[in-house]
Amino acid sequence: EIEAKYARKMQALRDELDLRRKTEIHEVEERKNSQIGELMRNHEKAFSDIKNYYNDITLQNLQLINLLKEQVEEMKKRENHLEKEKADVVLQNKQLKEPLQQAQEQVSELQKKLARYDKDKEALTNTKARLKVTQKELKDLQWEHEVLEQRFSKVQAERDELYQKFTKAISEVQQKTGFKNLLLERKLKGLLGVLEKKEVELSEVFAASNLDPGALSSVSQKVEDVLDSKNATIKDLQLQLARVCKAHNDMLQTFEAKLTAFGIPLDNLGFKPLASPVLGQ
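For every chain, the first residue of the written sequence is number 1, and numbering continues from 1 along that sequence. pLDDT decides what is reported in this predicted model: residues at 70 or higher carry local features, side-chain atom pairs at 80 or more are listed and counted, and totals for whole chains, interfaces and linings draw on all residues regardless. Excluded from the side-chain calculations are hydrogens and water; all other atoms, namely the structure's heavy atoms, are used.

**Student:** Explain the overall build of the protein chain to me, please; I cannot follow it from the model alone.
**Tutor:** Each helix is a run of DSSP H or I of at least 4 residues and each strand a run of E of at least 2, with the numbering of both proceeding from the N terminus. Counting secondary structure elements, the protein chain contains three helices and zero strands. Ordered by position from N to C terminus, the α and β elements of the protein chain give α-α-α. Burial classes follow relative accessibility: with a 1.4 Å probe on protein chains only, a residue under 20% of its type's maximum area counts as buried, one over 50% as exposed, and anything between as partly exposed. Looking at the 281 residues of the protein chain, the share that counts as buried comes to 11%. Two residues form a contact once any of their heavy atoms are found within 4.5 Å. For the protein chain, restricting intrachain contacts to residue pairs at least 6 apart in sequence, the fraction spanning at least 24 positions comes to 81%. Accessibility throughout is a Shrake-Rupley quantity obtained with a 1.4 Å probe, and a residue counts as covered only by protein chains that appear here. When the accessible area of the protein chain is evaluated, it comes to approximately 23,700 Å², of which 56% is carbon and sulfur surface.

**Student:** It is not clear to me how the nonpolar core should be interpreted in this structure. Could you clarify?
**Tutor:** Within soluble globular proteins, side chains that are nonpolar tend to cluster in buried spots. Within this scheme, the nonpolar core is defined by two criteria: the residues are buried Ala, Val, Leu, Ile, Met, Phe, Trp, Tyr or Cys, and they are joined through side-chain atoms within 4.5 Å. In this structure, L148, F152, V155, I234, L237, L241, V244 and C245 together form the largest nonpolar core, which totals eight residues. Counting residues per element, the ones that place at least two in this core are α1 (2-190) and α3 (213-261). Considering each element in turn, this core owes the most residues, five residues, to α3. If we ignore the near neighbours within four places in the chain, the residues touching L237 are L148, R151, F152 and V155. In terms of nonpolar packing, the next biggest core, distinct from the first, is built from five residues, L131, L138, M251 and F255 among them.

**Student:** Even after reading the chapter, I still don't get the pattern of salt bridges, so can you show me in this structure?
**Tutor:** In a structure, side chains of opposite charge can pair up when their charged atoms sit close to one another. In the sections that follow, a salt bridge refers to a side-chain nitrogen of Lys or Arg positioned within 4 Å of a carboxyl oxygen of Asp or Glu. Scanning the model with the defined rule gives seven salt bridges in all. For R20, the salt bridge is made with E16, and the minimal N-O distance between the two is 3.4 Å. Here E16 and R20 lie together in helix α1, a separation of four residues that amounts to about one turn. Through salt bridges that share partners, D18, R21 and K22 make up one connected network.

**Student:** Could you clarify how one ought to interpret a nonpolar patch on the surface in this entry?
**Tutor:** Residues enter patches when their relative accessible area tops 30% and they take part in no salt bridge; the joining distance is 9 Å for like charges and 5 Å for the nonpolar side chains Val, Leu, Ile, Met, Phe, Trp and Tyr. Residues M10, L13 and L17 make up a contiguous nonpolar surface patch of roughly 260 Å² in combined accessible area. Within the secondary structure, L13 is located in helix α1. By relative accessible area, L13 is classed as partly exposed at 40%.

**Student:** Sorry if this is basic, but what is going on with the packing of aromatic side chains here?
**Tutor:** Aromatic ring pairs are described here by two measures, namely the spacing of the ring centres and the angle between the planes. Between the rings of Phe, Tyr and Trp (Trp by its six-membered ring), a pair exists once the centres lie within 6.5 Å; its type follows the angle of the planes, with under 30 degrees stacked, over 60 edge-to-face, and the other angles tilted. With the rule as written, the count across this model stands at one aromatic pair. Their ring planes at 75° and their centres at 5.3 Å tell us that Y53 and Y54 sit as a pair that is edge-to-face. Here Y53 falls in the partly exposed class, since its relative accessible area comes to 49%.

**Student:** Just checking my understanding: could you explain a negative patch on the surface for this structure?
**Tutor:** On the surface, a cluster of negative charge is contributed by E24, E27, E29 and E30. For E29, the position within the fold is in helix α1. Working convention for charge: Lys and Arg count positive, Asp and Glu count negative, and His plus the chain ends are omitted. Charge coordinates come from a single atom per side chain, which is NZ of Lys, CZ of Arg, CG of Asp or CD of Glu.

**Student:** Any chance you could explain the side chain of T127 here in plain terms?
**Tutor:** Mapped onto the fold, T127 is located in helix α1. Here a polar contact means two N or O atoms within 3.5 Å. Within protein one must be a hydrogen donor candidate and the other an acceptor candidate, and residues neighboring in sequence count only if both atoms are side-chain atoms. From its side chain, T127 meets the backbone oxygen of A123 in a polar contact 2.6 Å long.

Printed below as a string of structure tokens:
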């Protein structure tokens, strides 16, 4: 009975366990099927996404390939065009090579001229500066020349005035003396027999005329001394004037030589230098 009882319990337990096992197996299968379905859906979705992705990539690649083909064709056209332009440019370069060489030679020559121009410009600036200094010196010399000329004219006028006065005085004395000598000669011819009377008359004539030969000689000597002094002053002024005129003319000749050496025309001075005449020339 116990064995039968436990056999029944064992069978019941086995049935229960078998049912539980079947139930659990069914649940596991359902879960498995659910997971399989979920995985399949996920895989299908991923496959669809990958398919769409690669379809898009393929489509983009096809578009890119077409675009690249068009770009390649365009590049080939541009390359052909550039080849033609290159050939034209090479031909133009060959044609322009000689003018370019000539232009380069002209540029080199112009650069040399520019360097010479800068040197000439600097030399001209220095010459203008020296010219200003020399012009100032020339003005000073001209002023001194004018002063000396005025002094010379004044001294010459004084000399002429003294000479005229001296000549006039000598003429008057000569006229008076000649007239009185003529009277004396006539008296001497008429009174040759009376020497004492002639001497008395002659002394009376000298007394009446108030002509003292010693005083006349003294006056003449003083006038001659004054004239000699004035003539010496005039000669000294003439020598100074001649030296100033010569220095002025030498300076003008130096100016003209320098301007000619630097290639500057004399007309650029703006005035014509006046050469002073040297006395005796």
